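Structural overview for review
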Amino acid sequence: MLHALYLLGIAAFAASGVLAAHRANMDPFGGLVLAFAASISGGTLRDLILDRHPLYWTHDWVLLVLIGSVAVATMLYLRRRELPHRALMVVDAVGLAVVTVIGARAAIDAHVTPVAVLILAVLTGVTGEVVRDVLCGEFPPLLLREEVYATAALAGALSYLGLHWAAVPDTANIVVSAGLVFALRMTAIFRDLHLPRLQRTTA
């Protein structure tokens, strides 16, 4: 199940990269670049921090074919249909939910401290979005615009770690924790919830 969810998360981020490129009026090559950047950036950063070599995507041809195929399919879809409202945020939420849990699992398997598990899980989940937004010229990235994004990833990472300590079966843990991330992100999107801004206190 974990591998299937892993592929789902990668596919979701690949589609989100193309949707972001479409919104930014990029050409097909730009769509491919953003698809790959959004899909592999988080896992690459995680593996570099954990000193895991070779990087996971360099020897997984199925993963690379999946990203390319999803990117092309999404571009073909967008040539025939309008970009659905909020489609980018919904697809991105799927990727965030799944990849955050994958990051938590990888960090636990690496026997790092609990705090490091949380940090690595959040970094794995959000890095692809940050790279995608920067390449699209969006400043600040979605992550830093009062959005319930990294907060949702952190909640999912805490859930996964806590349920792991409680010896909950991994399949149930994955479903609950990824579901929590997705539910929090969707609630924030459709209820227009935002984190408070940092404001200067006036006398």
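Computed from a predicted structure; not experimentally measured. The written sequence of each chain sets the order in which its residues are numbered from 1. In keeping with the model being predicted, local features are shown solely for residues with a pLDDT of at least 70 and side-chain atom pairs are shown and tallied solely at 80 or more, while totals for entire chains, interfaces and linings include all residues. Each side-chain value is derived from all of the structure's non-hydrogen atoms; neither hydrogens nor water enter the calculation.

**Looking at the overall build of the protein chain**
Looking only at helices and strands, the protein chain has 7 helices and 0 strands in total. Numbering goes from the N terminus for both helices and strands, where a helix is a DSSP run of H or I of at least four residues and a strand is a run of E of at least two. Shown N-terminal to C-terminal, the secondary structure of the protein chain runs as helices and strands in the order α-α-α-α-α-α-α. Reported as C-alpha extents along the three principal axes, the dimensions of the protein chain are approximately 60 × 50 × 30 Å. Within the protein chain, buried positions represent 46% of all 203 residues. Contacts: residue pairs with any heavy atoms within 4.5 Å of one another. Taking all contacts inside the protein chain whose residues are at least 6 apart in sequence as the whole, residues at least 24 apart take part in 73%. In this scheme, a residue with accessible area under 20% of its type's maximum is buried, one over 50% is exposed, and one in between is partly exposed, where area comes from a 1.4 Å probe on protein chains only.

**Digging into a nonpolar patch on the surface**
Patch definition: residues with relative accessible area over 30% and no salt bridge; like charges joined within 9 Å; nonpolar side chains (Val, Leu, Ile, Met, Phe, Trp, Tyr) joined within 5 Å. Per-residue and other accessible areas follow the Shrake-Rupley method at a 1.4 Å probe size, with only the shown protein chains counted as cover for residues. Any Lys or Arg side-chain nitrogen found within 4 Å of a carboxyl oxygen on Asp or Glu counts as a salt bridge. Where nonpolar side chains cluster on the molecular surface, the patch consists of Phe29, Val33 and Leu135 and spans about 290 Å² of accessible area. Relative to the elements of secondary structure, valine 33 occurs in helix H2 (residues 28–49). Relative accessible area serves as the criterion here: at 35%, valine 33 is assigned to the partly exposed category.

**Some points on the packing of aromatic side chains**
Planes of paired rings set the category: under 30 degrees apart is stacked, over 60 is edge-to-face and the rest tilted, where pairs are Phe, Tyr or Trp rings (Trp by its six-membered ring) whose centres lie within 6.5 Å. With the rule as written, the count across this model stands at 1 aromatic pair. Look at tyrosine 6 and tyrosine 56: their rings are 6.5 Å apart centre to centre, the planes differ by 65°, and that puts the pair in the edge-to-face class. Residue tyrosine 6 is found in helix H1 (residues 2–23), and its partner tyrosine 56 is found in the loop between H2 and helix H3 (61–80); the two are separated by 50 residues along the sequence. Exposure remark for tyrosine 56: the relative accessible area of 12% places this residue in the buried category.

**Side note on the confidence of the model for the protein chain**
Here the protein chain averages 89 in pLDDT, and 92% of its residues register 70 or above. Residue-level confidence of the predictor, termed pLDDT, takes values from 0 up to 100. Confidence, expressed as mean pLDDT per element, reaches its minimum in the protein chain at H1 with 89 and its maximum at helix H6 (residues 150–165) with 96.

**Here we look at the packing of H6 against helix H7 (residues 170–190)**
Every angle, taken between N-to-C directions, lies between 0 and 180 degrees, and every axis is a line fitted to C-alpha atoms, over only the stretch in contact when it is a helix. Where H6 contacts H7, the two axes come as close as 8 Å, and the packing angle between them is 160°. If you check the angle between H6 and H7, you find them roughly antiparallel. Relative to H7, H6 is oriented so that their crossing is right-handed. Residues Ala152, Ala153, Ala155, Gly156, Ser159, Tyr160, Leu163 and His164 of H6 form the contact with H7, whose own contacting residues are Asp170, Asn173, Ile174, Val176, Ser177, Leu180, Val181, Leu184 and Arg185. Taken together, the residues of the contact of H6 with H7 break down into 10 nonpolar, 5 polar and 2 charged. We call two directions roughly parallel when the angle between them is under 35 degrees, roughly antiparallel when it is over 145, roughly perpendicular when it lies between 65 and 115, and oblique otherwise. Less than a right angle of anticlockwise turn of the near helix away from the far helix marks a crossing as left-handed, whereas a clockwise turn marks it as right-handed. In this classification, Asp, Glu, Lys and Arg are treated as charged, Ala, Val, Leu, Ile, Met, Phe, Trp, Tyr, Cys and Pro as nonpolar, and every other residue, Gly included, as polar.

**Remarks on the environment of tyrosine 149**
Here tyrosine 149 is to be found in the loop between helix H5 (114–135) and H6. Note on tyrosine 149: relative accessible area 0%, which makes it buried.

**Structural notes on the packing of helix H4 (residues 87–109) against H6**
The N-to-C vectors of H4 and H6 enclose an angle of 45°; their axes lie 9 Å apart at closest approach. If you check the angle between H4 and H6, you find them oblique. The hand of the H4/H6 crossing is right-handed. Contacts from Leu96, Thr100, Val101, Ala104, Arg105 and Ile108 in H4 reach Ala153, Ala157, Tyr160, Leu161 and His164 in H6. Tallied by class, residues from the contact of H4 with H6 come to 8 nonpolar, 2 polar and 1 charged.

**Structural notes on unusual backbone geometry**
Of the consecutive residues histidine 53 and proline 54, the connecting peptide bond is found in the cis state with omega at -5°. Among the secondary structure elements, proline 54 is positioned in the loop between H2 and H3. For aspartate 51, which is not glycine, the phi torsion reads 60° and is therefore positive. Along the chain, the position of aspartate 51 falls in the loop between H2 and H3. Since its relative accessible area comes to 56%, aspartate 51 is described here as exposed. Positive phi, close to 60°, is recorded for histidine 111, a residue that is not glycine. Within the secondary structure layout, histidine 111 lies in the loop between H4 and H5.

**Thoughts on the pattern of salt bridges**
The tally for this structure, following the rule as stated, stands at 6 salt bridges. We note a salt bridge from arginine 132 to aspartate 92, for which the minimum N-O separation is 2.9 Å. Remark: aspartate 92 occurs in helix H4 and arginine 132 occurs in helix H5; sequence separation between them is 40 residues. You'll find arginine 132 and aspartate 92 in the same group, each marked buried.

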